[in-house]
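In case you want the letters, here they are:
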Amino acid sequence: MTDENHSQPSGNRIHGSVTVQDAETLAASIPADATLATSGFGSVGYPKAVPLALAESDRDLSLTIVSGGSVGEEIDTLLVEAGAIERRYPYQVTPEVRAAINEGQIAFHDSHISRLSDEIELGQHVGVDIAVVEAVAVGDDWLVPSLSIGPTPAYVAAADRLIVEINDSLPRGLEAIHDVYRPGRPPNREPIPLTHPGERIGTPRIQFPSEKLVGVTRTERRDTSYTFREPTAADRAIVANLLEFLADEIHDNPVFAESIQLQFGVGSLGNALMGALGDFDFGDREVNYYGEVIQDGLLDLLDDGLLDVASATSLALSEDGQDRLCEDIDRYAENVVLRPSDISNNPAVVNRFGVVGVNSALEVDLYGHVNSTHLGGTHLMNGIGGSGDFNRNALVPIVALSSTAKEGAISRIVPMVPHVDHTEQDISIVITEQGVADLRGLAPRERAEEMVEHCAHPEYRSDLRRYLKRAERGGGHIPHDLSRAFDWQSEG
């Protein structure tokens, strides 16, 4: 997809006194030990030319990289393979950076997405030397982001210097979907004046002092975008169980009498769940999406007229999904809004809208504690992302996952998770292909019974029941046999 496919000529992208430089020159101006804050979220909207030039240079680099969500191979593969990254903040998805983190070669700090902008802009996290941002247009003191916003406005505000990459493969018309609103600073921060998921309260551009802008370069390099796998049999069963739960919930819960606001986590399962809503009867209710990422499944719902508004911070689309959106950007802009991540994930707004949040996890224990990030409690997978923002603040927080992993060799319903990202108080509903456990209002022992009966795979239920019997001999509000909590499967 090149700019010739779209109505805006490339010359309309650069305004004012801005001059274009090559990526190698800009990369050479970056100190070897700099802290770079990059745009990018959901593997889209990240800078490509300057990171690639850094990776291909022969300099001895020890960079600190800060992104909001996942970025692509230019940063999290090629820079890692070049030994150029010393520290990484937060969230990543590539095998190369994950391995380097788990081997102790790269220092990594995770963070809730809703808090990241404040942590950076207010100096609570790490000082930013240079922000490197992908855009579709730039002027002397403004830029228009591309396919994601994330914490980019905070990064631009916090950075001493700014480099902008104009991506000519994307339409200038993306400006129409952006709504950049910046909350004031504590302790006099005003309430966010957002009263509907489709409302626009900001501007399409990120502003900055003109003296920050030190360079602009151009690229046509595309994102390392998502590839969604085909739904598995377990995915389809999870979808069916979710839809059955939603049917009962919107019938019984008066909050959903007129409208419902939904959120789904990123990934293939989340995309399958989004797409499946096309077969669901919401009646006369207004149906909106208020979440973190927009994936291909939501485009289907928009095309079919089943979704009124999709509001997020990233268009985390496949390559086909990107083409589909960009080739009809004016139509999609009527119903799609991208916001900074401290607005899309803001706890007060998520609470205000009564969101039904659906996120996945690595494993859930019998009492409802959730591990989203660390295999075996030790090895990082991706990061917490925005799951904590929605699990803690949604009206109906749901965790959806298959009951087993590795072709049934591992149960994902366990006696005690070895790493806790979300506590039992954060989660209301757990859904697997086996069924639905509604944990609301239940005591721990009752929660355990629900988890075994409705979410655990049949092959592991007897083991889990035996564990519970052993644990209950020791008494306690939340019974555990700590000596056997993590090896119960091998003991049978």
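Look a little higher up for the structure.
From a predicted model like this one, the values you see are computed outputs, not experimental measurements.

Turning our eyes to something else, we now look at the layout of surface pockets. A volume near 230 Å³ is recorded for the second largest pocket. Pro 231, Asn 271, Ala 272, Gly 275 and Asp 300 are the residues nearest the centre of the second largest pocket, which is lined by 14 residues in total. When residues of the lining of the second largest pocket are traced back to their parent elements, those giving at least two are α7 (233-252), α8 (268-276) and α9 (296-303). Considered class by class, the residues forming the lining of the second largest pocket number 5 nonpolar, 4 polar and 5 charged.

Here 3 strands make up an open sheet; going across it, the order is β18-β17-β24 and the pairing mixed. Two strands close off the open sheet at either side, each with one partner strand: β18 (370-371) and β24 (413-414). In the sheet, strand β17 (residues 363-365) pairs with β18 via 2 bridges, with the strands oriented antiparallel. Residue pairing in the sheet places Glu 363 in a bridge with Asn 371 of β18.

Let us look at empty space enclosed by the protein. Considering all chains together, one arrives at 1 cavity of 30 Å³ or more under this definition. Estimates place the volume of the largest cavity at around 40 Å³. In terms of lining, the largest cavity is formed by Leu 277, Gly 278, Phe 282, Val 287, Leu 301, Leu 306 and Leu 307. Split by residue class, the lining of the largest cavity holds 6 nonpolar, 1 polar and no charged.

Turning to the nonpolar core, a few remarks are in order. Formed by 85 residues in total, the largest nonpolar core has its most connected members in Tyr 289, Leu 315 and Leu 325. In terms of residue count, α7 provides more of this core than any other element does, 7 residues in total. Counting 29 residues, the second-largest nonpolar core is a separate cluster that includes Ala 27, Leu 54, Leu 61 and Ala 100.

On to helix α15 (residues 444-454). Among the residues of α15, those classed as buried are Pro 444, Arg 447, Ala 448, Met 451 and Val 452. Down the axis of α15, the sector holding all buried residues measures 130°, keeping them to one side. Considering only its buried residues, α15 is in contact with β17, β24, β25 (429-432), β26 (435-438) and α16 (458-472).

Reading guide: rules and limits
- Residues numbered from 1 in each chain as written.
- Predicted model: local features only at pLDDT ≥ 70, side-chain atom pairs only at ≥ 80, totals over all residues.
- Heavy atoms only, no water.
- 1 Å grid on protein atoms, 1.4 Å probe; cavity = no way out; pocket = protein on both sides within 12 Å on 5 of 7 lines; lining within 4 Å.
- Points joined across faces, edges and corners; volume = space filled by probe spheres on them.
- Helix = DSSP H or I, 4+ residues; strand = E, 2+ residues; numbered from the N terminus.
- Nonpolar A, V, L, I, M, F, W, Y, C, P; charged D, E, K, R; others polar.
- Pairing = 2+ DSSP bridges.
- Core = buried A, V, L, I, M, F, W, Y, C linked by side-chain atoms within 4.5 Å.
- Buried < 20%, exposed > 50% of the residue type's maximum accessible area, 1.4 Å probe, protein only.
- Arc of directions from axis to C-beta.
- Contact = heavy atoms within 4.5 Å.

Limitation: the analysis is restricted to geometry and does not speak to function.
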